Amino acid sequence: MPSAIVIGAGVFGASVADRLARDGWEVTLVDRFEPGHPRSESGGETRLFRCSHGPDSFYTSSARRALELWRELGHGVLVEPGVVWFARTENGWEVESERVLREAGIPVERVEPGAARSFFPSLAVDDLAFVLHEPEAGVLKASEAVRALVARARDAGARLSLGAARPAGSAVALAGRRLEADAVVWACGAWLAQLFPRLVTLRVTFQQLSLFAAPPEWHGPGWVDFDAAIYGHALIEPFGFKAASDLDGPDIDPDQRALEAGESAVAAGREYLAHRFPALAGAPVAGTPACHYSSTADGQFIFAAHPEHERIWLLGGGSGHGFKHGPAMAEHVAAVLAGREQPEPRFRLGEREPARSLRTAGFGAAEGSSSRAP
């Protein structure tokens, strides 16, 4: 039986541990925190799930496969009310998304602004050219999803060990012990660059959002205003109605970041609600969580072998749009470790150039924004 140690129980690490355990590997999953902890990169309340990635068909296909795998996981972690994109022009990123989705046979609908009012009890559409509707999209309950992945991995035989792991050559140092396996996958989110500073460069930013209380009729889809660099979702219990800026937050140390957003995030969310969802302009605040993202320069993920230790693999760089891809990414990792596939070249180590066309694979068309795509 092949063996693997996976360090990091976020969505990438939990997905890999789950996949390998169900493939018959002996798996040890290691993290400092319990799965779904609010300080982890994959903790918190929700992440949007959508297949739209502008002109990038690779991530569109990955997300579509991930959708099948999230549905297979069950446990109510995926809510599918759809996602709508508020397109302000007839030649923007949403048009590229529509083209790629149609080519891939993924359901998508272009809706006239007036007709789009049916998605929400109150919706201002005067500044919209059209609305792009992905009916088979929605929202992942982030912490619940990670915990469900870890639970299934453990049901398949994986062991969960809590503690701070460090690289020790081709092995793992944990609580005074030296752990070894046929494959070691470091999937540590923002901490990956701290552990492997010569190999990995990540920008870690503080991201804030607001949750607002809304009445029951406000159940509905996720939403994205790409050109305004803001996104969120309609009412989802027990969280509320979400509004979050997609602009880069300040650089932070993930060990020191605040767990709550500041007043500026609430003000920004409320200002957008007054503009787009006017009936919610005075909605009470239901929560102000914060998180962090770890981004590569080009928005591509990282998955590559350590150049000096062939058994060690580095996995991360979710760049704000990785969560939804977790189970599909794990399939690729498992296939590479088993010798069935070669690593995807776009996930390589080394210098990367910022790429405007790829960074809009997430959100961030607004000046000063980044490749975010929750």
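Every value quoted in this text rests on a predicted model; they were computed, and no experiment measured them.

## With respect to the overall build of the protein chain
Here is step 1 of the chain: If you tally the helices and strands in the protein chain, you get nine helices and 21 strands.
Here is step 2 of the chain: For 374 residues, the compact-globule estimate of 2.2 N^0.38 gives 21 Å, and the protein chain sits close to it at 20 Å.
Here is step 3 of the chain: The principal-axis extents of the C-alpha atoms in the protein chain amount to approximately 60 × 40 × 35 Å.
Here is step 4 of the chain: The burial tally for the protein chain puts 61% of its 374 residues in the buried class.
Here is step 5 of the chain: A separation threshold of at least 6 residues defines the contact pool for the protein chain, and within that pool the share at least 24 residues apart is 74%.
Here is step 6 of the chain: Total accessible area on the protein chain is roughly 14,100 Å²; 50% of this is exposed by carbon and sulfur atoms.

## Looking at the environment of Pro327
Here is step 1 of the chain: One can find Pro327 in helix H8 (residues 326-337).
Here is step 2 of the chain: In the structure, Pro327 is positioned 136 residues away from Trp191 in sequence and 21 Å away in space, judged by C-alpha atoms.
Here is step 3 of the chain: Beyond its immediate chain neighbours, meaning those up to four positions away, Pro327 contacts Ser15, Leu69 and Trp70.

## Quick look at the nonpolar core
Here is step 1 of the chain: By size, the foremost hydrophobic cluster in this structure holds 71 residues, and its most contacted members are Phe49, Trp70 and Leu315.
Here is step 2 of the chain: Discounting residues that sit within four places of it in the chain, Trp70 has contacts with Val11, Phe49, Val77, Leu78, Leu140, Ala145, Leu149, Phe323, Lys324 and Pro327.
Here is step 3 of the chain: Val184, Ala190, Leu199 and Ile302 belong to the second largest nonpolar core, which has 25 residues in total.

## Describing the sheet that holds strand S2 (residues 26-31)
Here is step 1 of the chain: The strand order S9-S2-S1-S13-S21-S20 describes an open sheet built from six strands, whose pairing is mixed. Pairing within the sheet leaves two strands with one partner each, and these edge strands are strand S9 (159-162) and strand S20 (302-305). Each strand of the sheet is rotated relative to its neighbour by a mean of 15 degrees, with strand direction disregarded.
Here is step 2 of the chain: Where strand S13 (residues 183-186) meets strand S21 (residues 312-316), three bridges bridge the pair, whose relative direction is parallel. Residue pairing in the sheet places Trp186 in a bridge with Leu314 of S21.
Here is step 3 of the chain: Against the sheet, helix H1 (residues 11-22) makes contact with strand S1 (3-7), S2 and S21, and its axis sits at roughly 165 degrees relative to S2, the strand it touches most.
Here is step 4 of the chain: Where H8 meets the sheet, it contacts S13, S20 and S21, and its direction lies at approximately 10 degrees from that of S20.

## Overview of H8
Owing to its 3.6 residues per turn, the α-helix aligns residues three or four sequence positions apart on the same side.
Here is step 1 of the chain: For H8, with 12 residues, the first-to-last C-alpha span of 16 Å sits near the 16 Å given by 1.5 Å per residue.
Here is step 2 of the chain: With 11 of 12 residues buried, H8 is to be regarded as a mostly interior element.
Here is step 3 of the chain: Contact partners of the buried residues in H8: H1, helix H2 (57-73), S13, S20 and S21.
Here is step 4 of the chain: Backbone geometry just after H8 places Gly339 at a positive phi near 80 degrees.

## Observations concerning the sheet that holds strand S10 (residues 165-168)
Here is step 1 of the chain: An order of S10-S11-S12 is seen for the three strands of this open sheet, with the pairing classed as antiparallel. The open sheet terminates on both sides in strands that have one partner only, identified here as S10 and strand S12 (177-179). Taking the axes of each pair of neighbouring strands and ignoring which way they run, one obtains an average angle of 35 degrees across the sheet.
Here is step 2 of the chain: Pairing of strand S11 (residues 171-174) with S12, which is carried by three bridges, proceeds in the antiparallel orientation.

## Some details on the environment of Ala229
Here is step 1 of the chain: By the secondary structure assignment, Ala229 is in the loop between strand S15 (222-225) and strand S16 (230-236).
Here is step 2 of the chain: Remark: the alpha-carbon pair of Ala229 and Leu73, spanning 156 residues in sequence, is separated by 31 Å.

## Focus on the pairing of strand S3 (residues 46-49)
Here is step 1 of the chain: Burial of S3 is two-sided: the residues Thr46 and Leu48 facing one way and the residues Arg47 and Phe49 facing the other way are all buried.
Here is step 2 of the chain: In terms of strand pairing, S3 meets strand S8 (residues 138-141) through four bridges, oriented antiparallel. Bridging from a neighbouring strand, Thr46 pairs with Lys141 of S8.

## Points about the confidence of the model for the protein chain
Caution is warranted with low-pLDDT regions, since their predicted coordinates should not be read in detail.
Here is step 1 of the chain: Of the residues in the protein chain, 95% reach a pLDDT of 70 or more, and the chain-wide mean stands at 93.
Here is step 2 of the chain: When the criterion is pLDDT under 50, residues 356-374 qualifies, and its contacts beyond four places in sequence or with other chains add up to 81 contacts.

## Some thoughts on the packing of aromatic side chains
Here is step 1 of the chain: A complete count under the given rule lists 23 aromatic pairs for this structure.
Here is step 2 of the chain: With 6.3 Å between their ring centres and 25 degrees between their planes, Phe86 and Trp223 make a pair best called stacked. Pair noted here: Phe86 is in strand S5 (residues 83-87) and Trp223 is in strand S15, with a separation of 137 residues, a long-range link.
Here is step 3 of the chain: Here Phe86 falls in the buried class, since its relative accessible area comes to 0%.
Here is step 4 of the chain: Ring centres of Trp223 and Tyr272 lie 5.3 Å apart, and the angle between their planes is 10 degrees; on these two criteria the pair is classed as stacked. Here Trp223, found in strand S15, pairs with Tyr272, found in helix H7 (residues 263-276); they are 49 residues apart in sequence, far enough to count as distant. Both residues of the pair, Trp223 and Tyr272, count as buried.
Here is step 5 of the chain: Ring-pair connections join several aromatic residues into one group, and the members of that group are Phe86, Phe120, Trp218, Trp223, Phe241, Tyr272 and Phe277.
Here is step 6 of the chain: Cation over ring: Arg276 sits above Phe86, and NZ or CZ is 5.1 Å from the ring centre.
Here is step 7 of the chain: Above the ring of Tyr59, the side-chain terminus of Arg346 is found at 5.2 Å from the ring centroid.

Conventions and cut-offs
- Residues numbered from 1 in each chain as written.
- Predicted model: local features only at pLDDT ≥ 70, side-chain atom pairs only at ≥ 80, totals over all residues.
- Heavy atoms only, no water.
- Helix = DSSP H or I, 4+ residues; strand = E, 2+ residues; numbered from the N terminus.
- Rg over C-alpha atoms; globule rule 2.2 N^0.38 Å.
- Buried < 20%, exposed > 50% of the residue type's maximum accessible area, 1.4 Å probe, protein only.
- Contact = heavy atoms within 4.5 Å.
- Areas by Shrake-Rupley, 256 points an atom, 1.4 Å probe, with all protein chains shown as cover.
- Core = buried A, V, L, I, M, F, W, Y, C linked by side-chain atoms within 4.5 Å.
- Pairing = 2+ DSSP bridges.
- Axes fitted to C-alpha atoms, helices over the stretch in contact; angles between N-to-C directions.
- Expected span 1.5 Å × (residues − 1).
- pLDDT = per-residue confidence, 0-100.
- Phe/Tyr/Trp six-rings, centres within 6.5 Å; stacked < 30°, edge-to-face > 60°.
- Lys NZ or Arg CZ within 6 Å of the ring centre and 35° of its normal.

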